[in-house]
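Here is how the chains run, residue by residue.
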Amino acid sequence: MSGALRDRGAGVRVVVVGYGMAGARLAERIRGKGGNVELTVLGAEPHAAYNRILLSSVVGGGLTPEMVRLHDEDWARRHDVDLRIATTVSAIDRAARHVMLADGSTVDYDVLVLATGSRPWVPPTEGLLVDGVLAPGAATFRTLDDCERIVAAAAPGTPIAVLGGGLLGIEAARGLAGRGNPVTVVHPVGHLMERQLDRGAGQVLAARLATLGVEVRLGVKAARYVPGDGLKLDDGSHVPAGFVVVSTGVIPETTLARDAGLTVERGIVVDDSLRTDDAAIHAIGDCAQHPGTVSGLVQPAWEQAEVLADLLTGTSTTTRYRGTANVTRLKARDVDLAAFGDVHAEVDNTDAEVLCLSDPTRGRYAKLVLRDDRVTGAIVLGVPDAAATITQLYDRGIPAPSDRIALLLGRTLPPGVSVAHSPVDLPAATTVCRCNTVSKSQLVKAWRGGARGVSGLATATRATTGCGGCHDTVSAIADWLASAEETPA
Amino acid sequence: MTIATPRTGTTDTHCPYCALQCGMRIAGKTVEPRDFPTNRGGLCQKGWTSAALLDSPGRLTEPLVRVNGRLRPTTWDHALDLVADRLVELQAAHGRDAVAVFGGGGLTNEKAYQLGKFARVALGTSRIDYNGRFCMSSAAAAGMKAFGMDRGMPFPVEDLRRADAVLLVGGNPAETMPPFVQHLRDAELVVVDPRRSATAEKAALHLQPAPGTDLALALGILHAVVADGHLRHDYLAARTTGFDDVWRIAAAWWPERAERVTGVAAGDQRAAAALLARAANAFVLTARGTEQHARGTDMVSAWINLALALGLPGRQGSGFGCLTGQGNGQGGREHGQKADQLPGYRRLDDPAARAHVAAVWGVDPESLPAPGVSAYELLDEGPRGLLVFGSNIAVSAPHANRTTRSLSEVDLLVVADVVLSETAAMADVVLPVTQWAEEDGTLTNLEGRVLLRRRAVRPPENVWTDLEVLHGLAVRLGQPPARFPVEAEAVFDELRRASAGGLADYSGVTYDRLRDGEALHWPVPAVDHPGTPRAFLDRFAHADGLARFVPVDHSGPAEPPDDEFPLQATTGRVLQHYQSGAQTRLVPELAAAVPEVHVEVHPDAAARAGLADGDLAAVVSRRGTVRARVRCVATIRVDLVFLPFHFPGSGSANLLTNPELDPTSRMPEFKVCAVRLEVA
């Protein structure tokens, strides 16, 4: 039965395939905005949606698996959502406008949303995959079940190898090191997080991780995995490991779309309405490919869910998704790293202003790329408050302050702070007692008028009679004036 | 220090300005500080100079009536006859609600009570609200939701002195209530403020969020509390309900995400969480910076959620509180000058409350009007008659151009005040009334303690008390004279009965107990009850005794910056001035210290606009333009400007502000709007 033949007044039937970060958020926002929508959500995993971003906190031990659930068990009922978990969709019949489930049944739709996410890519390391399944003692780092396997294996002291020095691999490595596991990260490229960092930053990051108990092996591939023993690398060396975490990237999950004949490149191609080349089918999140977006991050998925919820509920028909500015922000205790934009510009670049500061001993690295006074790229490692400020300049398109060095240094050099070592050095016009607007020169004048000691100055000027916070300063000024009087000119 | 015996000819009293109500002693026309728990012998410059207004040349000393466009002196009889006649005419022609009453948070409990009674009984109008709507309404609404009761600080201010850590959100007491800062000296202080204010300078940790993003910050810190193992599970189970729903929202605000929205480093959020969690005693305090938003109630709820997660409220030596602003901001919101409220913090839509209060007033409960509309809406709907007591709306309400137009379109504007405020200057009739040292009355300070201020000096001859004014008008409107007494103590005794059994129960407070120096924090349900310095120690005020976590999420300012208005403006106070400045601008010493409005700007933002320190700038929003002197401040965010709101005319910061209202508290979004900067 097509949408046009349905009874007037019945809601548009929206079927969401995928109950992960994107699918769950879309369902929430559709319900949050109202409108007449019959909503079905089909999830492959056997439990309620959870917050994938927080899995590194689960591995690190800060959060329990229960605490990263996005919804409680009653959520679907309360929000009138036909939620079916542990349900696999096997095909889309675009002509009939229904999806087929693994058990052979079908679900009709007026609008179909693919939020199928992505799946881990596993490198062709010998022994890692056995008949298409990960060998014992190895896990990808993608699902809550993966996390539970990793945590179960990570008894304190067990050496662990992490394959892949990207964002997630490093977060996992840091979390496991924090649990007391010796960790080795094996990364085939010459520096860590090469997509987001330049070489200098990658080196400082590796040095910083080393101080936290994470060894980093760069420019080598894992050649062979032997359960219980570890990894043999292609340079002949050996990494002992009781467990291996595979974090070598993801592939958008596009099988359904491809089989249904939708245009798929790296991901399912969508326009600014998040629509595929079938007007009745949308795609959001990791599985979707939009020109303004790098997939694999939650922020675009959530922004896409917001736009699509507007469109599907009729809240707005003109809302469009224009892409998301991508900021990489590592979530790892004691490693503060933000990177975004044009990070590979070199300092001798002529069409951009590039500043770079490296302090490897203290784990700090800061690079700033500007064009027309606007920040267009940055790497900020180990200068947390600068990272926060620079990211805001980038996100909000605010012209950067002219004191670029102060910007890079963050709180290391608070702007506008002049340090006076003694009240004697204060300029005469400085307000000493804020509560009563008393300047240093007024105190000096009161002294010359005969006021002595803190109490004398207080009576004459009311300094110290508010919050009393300036008492020490007034006292020092009184001492200074007294000693100046004793010293013959 | 012990309290010294007053010298002969002196009267112990309290400062006329803010809710700290510093103890002072007045002798003739001079004041000096005295030791009192809130100020411990300190006074700021406003307090020291407060007596200057007693004989200021700017003082109103006779009733004024507008004749041919000009205010001219007249007699009280003529002024009150005129007002009463016009009120009757307007109500006859346009209905009861055509006449509105606007009160103030500086009015004594007695005046606030009597004003509410006057509106509902003598005028029979539902249209009454007050400037506290612009002040404490978000804090009050959130407090009611979470705790079932709104007492700004449900603990004595001295408890702060023994705290190990204090998180102060959106408050600048180093300028707004300076002697209060003494209580924060020994605690590790975390200050949340987009500006590096005088208070932020004193902090161990200053979190500087983008304006209007406090809620995301609170969620980020709450996330850190949970993820870093600081959650007080035992307290949650025993004393609260609703955490799970709040966590599902906070779970999505891991500190790195909150950082991107707020600009506060994730590490600083975690540091704040840890600092509060490891303190044996800690407090979370909010003030106007986080409350005066179109989502202000939610913002306060978010900070309360954080305090609850840390197990602070209702625990001896720890807690959550809101810093009340105006002198009687607390008492002023309890006794019936609020649109939806009856005395004792009773609800006007509660039949039992209506019956109780109507019985005290000797009227039929059916005769009491329904709840009215909030302050800005009341002005915006265009009343035909408006009576203003203790408020300078023309300067203090948002969207000043709109507000002044509303005021100018009122057929009859009556203003009772001490000085010719900007609002009084627009009035048809101006009634000169007594000020703090010239009358008796009680106030309830920021810690819920009821204070007696006694008459110390004789008022100018032709000046009446507000109670006398209300009596005079009520009688002319046909009320029995005895229903509107003029003695403050008589009014208070009636207030005691009206509040008995309510949330804010004053029935056990008497003038005698206050004269004896008893420290009485409400509720005081009986004359032999010692008062309640610390509320919630055993239970919260909801029926089940539990505090409520309230699920709230971030949504950002109502008016985000754009290409046309790329900066954000926020407003606040300077030390030397109070509220609209109507009083303090008349004190020569204060006016000399801060004579005009300034705008704090980052030097780069100023330079980009072609402005230097000391230049005159035009700050432009969608609603108006302020001309202000540029003050370059390197510590302010590049995209933020700050203006104090004490000044009138083209210097009024409220020309800029956004009247978008909070859905619950009806608080306007004073604290953030989009602006641009130009050469004036």
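Residues numbered from 1 in each chain as written. Chains lettered and ligands numbered in written order. Predicted model: local features only at pLDDT ≥ 70, side-chain atom pairs only at ≥ 80, totals over all residues. Heavy atoms only, no water.

Looking at an unreviewed UniProt entry, chain B carries the name Assimilatory nitrate reductase catalytic subunit, with the source organism given as Actinophytocola oryzae.

Which entries qualify depends on this criterion: UniProt positions are given in the numbering used here, feature names are shortened, and annotations may be inferred rather than shown by experiment.
Under an unreviewed UniProt entry, chain A has the name Assimilatory nitrate reductase electron transfer subunit and belongs to Actinophytocola oryzae. Reading the Cofactor (unreviewed entry) entry of the UniProt record for chain A gives the comment "FAD".

**Some points on the packing of aromatic side chains**
Residues and elements named next belong to chain B. To be explicit about the condition: Classification of ring pairs rests on two measures: the distance between centres of Phe, Tyr or Trp rings, Trp counted by its six-membered ring, which must be within 6.5 Å, and the angle between planes, read as stacked under 30 degrees, edge-to-face over 60 and tilted in between. A run of H or I in DSSP counts as a helix once it spans at least four residues, and a run of E counts as a strand once it spans at least two, with each numbered from the N terminus. Only protein chains enter the area calculation, which uses a 1.4 Å probe; residues under 20% of their type maximum are buried, those over 50% are exposed, and those in between are partly exposed.
Across all of its chains, the model carries 16 aromatic pairs over all chains by this definition. Taking 5.2 Å as the distance between ring centres and 70° as the angle between the ring planes, the aromatic pair formed by Phe243 and Phe549 counts as edge-to-face. Taken as a pair, Phe243 in helix H8 (residues 243–250) and Phe549 in the loop between strand E21 (547–548) and strand E22 (567–572) lie far apart in primary sequence, 306 residues in all. When sorted by exposure, Phe243 lands in the same class as Phe549, which is buried.

**Considering the packing of helix H9 (residues 384–396) of chain A against helix H9 (residues 255–262) of chain B**
Quick reminder of the rule: Orientation is described by axes fitted as lines to C-alpha atoms, over the contacting stretch for helices, and by angles from 0 to 180 degrees between their N-to-C directions. For classification purposes, an angle smaller than 35 degrees is called roughly parallel, one larger than 145 roughly antiparallel, one from 65 to 115 roughly perpendicular, and anything else oblique. The handedness criterion is simple: a crossing whose near helix is rotated anticlockwise from the far helix by less than a right angle is left-handed, and one whose near helix is rotated clockwise is right-handed. We call two residues in contact whenever any of their non-hydrogen atoms come within 4.5 Å of each other. Charged residues are taken to be Asp, Glu, Lys and Arg, nonpolar residues to be Ala, Val, Leu, Ile, Met, Phe, Trp, Tyr, Cys and Pro, and polar residues to be all remaining types, Gly included.
Look at H9 of chain A against H9 of chain B: their axes get within 8 Å of each other, and the N-to-C directions meet at 55°. Here H9 of chain B runs oblique to H9 of chain A, going by the angle between their axes. Viewed along their axes, H9 of chain A and H9 of chain B form a crossing whose handedness is right-handed. Where H9 of chain A abuts H9 of chain B, its residues Ala387, Ala388, Thr391, Gln392, Asp395 and Arg396 of chain A lie against Glu259, Arg260, Val261 and Thr262 of chain B. The residue inventory of the contact of H9 of chain A with H9 of chain B, partitioned by class, reads 3 nonpolar, 3 polar and 4 charged.

**A word on a positive patch on the surface**
What counts is decided by this rule: Patch building starts from residues that exceed 30% relative accessible area and form no salt bridge, then joins like charges within 9 Å and nonpolar side chains (Val, Leu, Ile, Met, Phe, Trp, Tyr) within 5 Å. In this description, accessible areas are obtained by the Shrake-Rupley approach with a 1.4 Å probe, and a residue is regarded as covered only by the protein chains that are shown. By convention in these notes, a salt bridge is any Lys or Arg side-chain nitrogen within 4 Å of a carboxyl oxygen on Asp or Glu. The charged-residue count follows a simple rule in which Lys and Arg add positive charge and Asp and Glu add negative charge, with His and chain termini not counted at all. For charged residues, the charge sits on one atom: NZ in Lys, CZ in Arg, CG in Asp, CD in Glu.
On the surface, Arg434 of chain A together with Arg40, Arg185 and Lys202 of chain B cluster together to form a positively charged patch. Position of Arg40 of chain B relative to the elements: it lies in the loop between strand E3 (30–33) and helix H1 (45–48). Look at Arg40 of chain B and you get partly exposed, because its relative accessible area is 38%.

**Some details on the domain arrangement of chain A**
The criterion, for reference: Domain delimitation follows an automatic or database domain assignment.
By the assigned domains, chain A splits into domain 1 (3–117 + 251–313), domain 2 (129–248), domain 3 (336–412) and domain 4 (423–486). When each unit is reduced to the centre of its C-alpha atoms, the spacing between domain 2 of chain A and domain 4 of chain A is 63 Å.

**Points about the pattern of salt bridges**
Residues and elements named next belong to chain A. Using the criterion set out here, one finds 72 salt bridges over all chains in the structure. Ionic pairing is found between Arg94 and Asp278, a salt bridge with its closest N-O pair at 2.9 Å. Residue Arg94 is located in the loop between strand E4 (89–93) and strand E5 (98–101), and its partner Asp278 is located in the loop between strand E20 (268–269) and strand E21 (281–283); the two are separated by 184 residues in the primary sequence. Note on Arg94: relative accessible area 30%, which makes it partly exposed.

**Let's talk about the interface of chain B and chain A**
To keep things clear, this is the line we draw: Here the quantity called buried area is the total loss of accessible area, with a 1.4 Å probe, experienced by two parts when brought into contact, counted for both. The term polar contact refers here to a pair of N or O atoms within 3.5 Å; inside protein, the definition further demands a hydrogen-donor-capable atom paired with an acceptor-capable atom, and it admits residues adjacent in sequence only when both atoms are side-chain atoms.
Contact residues are listed per partner, giving 52 residues for chain B and 50 residues for chain A. Summed over both sides, the interface between chain B and chain A buries roughly 3800 Å², with carbon and sulfur atoms accounting for 50% of that surface. Three residues, Arg248, Trp254 and Arg260 of chain B, lead the burial of chain B against chain A; their summed loss comes to 20% of the area buried on that side. The interface formed by chain B and chain A contains 6 salt bridges. The salt bridge involving Arg329 of chain A is made with Glu259 of chain B; its shortest N-O contact spans 2.6 Å. For the pair chain B and chain A, the interface holds 21 residue pairs in polar contact (both at pLDDT 80 or more). Grouping the amino acids of the side of chain B that touches chain A by side-chain chemistry returns 24 nonpolar, 14 polar and 14 charged.

**Things to note about the UniProt feature "domain: BFD-like [2Fe-2S]-binding" (unreviewed entry) in chain A**
In this structure's numbering, the residues bearing the UniProt feature "domain: BFD-like [2Fe-2S]-binding" (unreviewed entry) are residues 432–477 of chain A. This span, residues 432–477 of chain A, is 54% helix and 9% strand, and a straight line between its end C-alpha atoms measures 10 Å.

**Quick look at the confidence of the model for chain A**
All names here are of chain A. Here is the rule we go by: You can read pLDDT as the predictor saying how much it trusts each residue, on a scale of 0 to 100.
When pLDDT is averaged along chain A, the result is 91; 96% of the residues meet or exceed 70. Under a pLDDT of 50 for its full length, residues 1–8 has, in the predicted model, 10 contacts with residues more than four places off or in other chains. Contacts from residues 414–418, a stretch scored under 50 in pLDDT, to residues over four places away or in other chains number 3 contacts.

**Topic: the environment of Asp131 of chain A**
Position of Asp131 of chain A among the secondary structure elements: in the loop between strand E9 (129–130) and strand E10 (133–134). With 87 residues separating them along the chain, Asp131 of chain A and Leu218 of chain A place their C-alpha atoms 29 Å apart.

**Considering the UniProt feature "domain: FAD/NAD(P)-binding" (unreviewed entry) in chain A**
UniProt annotation of "domain: FAD/NAD(P)-binding" (unreviewed entry) refers to residues 13–304 of chain A when read in the numbering used here. Strand forms 28% of residues 13–304 of chain A and helix 24%; the C-alpha atoms that close the span are 19 Å apart.

**Looking at the sheet that holds strand E2 (residues 23–27) of chain B**
All names here are of chain B. The criterion, for reference: Criterion used throughout: strands pair if DSSP finds at least two bridges between them.
Taken together, 3 strands build an open sheet; the order of strands is E1-E2-E3 and the sheet is antiparallel. Either end of the sheet is taken by a strand with one partner, and the two such strands are strand E1 (10–14) and E3. In this sheet, adjacent strand axes meet at a mean angle of 30° when their direction is disregarded. Pairing analysis gives 5 bridges linking E1 to E2, with the strands arranged antiparallel.

**Some words on helix H1 (residues 21–33) of chain A**
Residues and elements named next belong to chain A. Which entries qualify depends on this criterion: Each residue after the first adds 1.5 Å to the expected span of a helix.
With 13 residues, H1 ought to run about 18 Å at 1.5 Å a step, and its terminal C-alpha atoms sit 18 Å apart, in line with that. Buried residues in H1 make contact with strand E1 (12–17), strand E2 (37–42), helix H3 (75–78), strand E3 (81–84), strand E7 (111–114) and helix H8 (298–313). Once H1 finishes, Gly34 follows within two positions and takes phi at roughly 80°, a positive value.

**Here we look at the domain arrangement of chain B**
Residue and element names in this part refer to chain B. Domain annotation of chain B identifies domain 1 (10–53), domain 2 (64–134 + 328–515), domain 3 (137–323) and domain 4 (567–679). Distance from the C-alpha centre of domain 1 to the C-alpha centre of domain 3: 30 Å. Contacts between domain 1 and domain 3 engage 12 residues on the former and 11 residues on the latter. When domain 1 packs against domain 3, the two sides together hide about 800 Å² of surface, and 64% of this comes from carbon and sulfur. Summed over the three residues of domain 1 that lose the most area to domain 3, namely Leu20, Pro37 and Arg40, the buried surface amounts to 50% of that side. Viewed at the interface, domain 3 and domain 1 are joined by 0 salt bridges. Across the domain 1-domain 3 interface, the total number found is 3 residue pairs in polar contact (both at pLDDT 80 or more). Along the lines of polarity and charge, the residues of the side of domain 1 that touches domain 3 split into 7 nonpolar, 3 polar and 2 charged.

**Quick look at the pairing of E4 of chain A**
Residue and element names in this part refer to chain A. Bridge count between E4 and E5: 4 bridges; the pairing is antiparallel. For Val89, the partnering residue across the bridge sits in E5 and is Leu101. Adjacent in sequence and paired antiparallel, E4 and E5 are bridged by 4 residues, among which Arg97 carries a positive phi angle near 50°.

**Observations concerning the nonpolar core**
Cut-off, in case you're wondering: Take the buried residues of types Ala, Val, Leu, Ile, Met, Phe, Trp, Tyr and Cys, join any two whose side-chain atoms come within 4.5 Å, and each joined set is a nonpolar core.
Within the largest apolar cluster, 197 residues are counted, with the highest numbers of intra-cluster contacts made by Leu114 and Leu205 of chain A together with Trp303 of chain B. The biggest single contributor to this core is helix H6 (residues 214–227) of chain B, with 11 residues. With near-sequence residues (within four places) excluded, Trp303 of chain B lies in contact with Leu167, Val169, Val192, Asp214, Leu217, Ala218, Ile221, Val284, Thr286, Thr290 and Phe320 of chain B. Counting residues in hydrophobic clusters, the runner-up holds 40 residues, among them Phe180, Ala187, Phe283 and Tyr578 of chain B.

**A word on unusual backbone geometry**
Cis geometry is found at the peptide bond from Trp522 of chain B to Pro523 of chain B, where omega equals -5°. Locating Pro523 of chain B in the fold gives a position in the loop between helix H19 (511–515) and E21. In this structure, Arg462 of chain A takes a positive phi of about 70° despite not being glycine. Tracing the chain through its elements places Arg462 of chain A in the loop between helix H12 (453–461) and helix H13 (471–486). You will see that Tyr345 of chain B, though not glycine, has its phi angle at about 60°, which is positive. Looking at the secondary structure, you find Tyr345 of chain B in the loop between strand E14 (341–342) and strand E15 (346–347). Look at Tyr345 of chain B and you get buried, because its relative accessible area is 7%.

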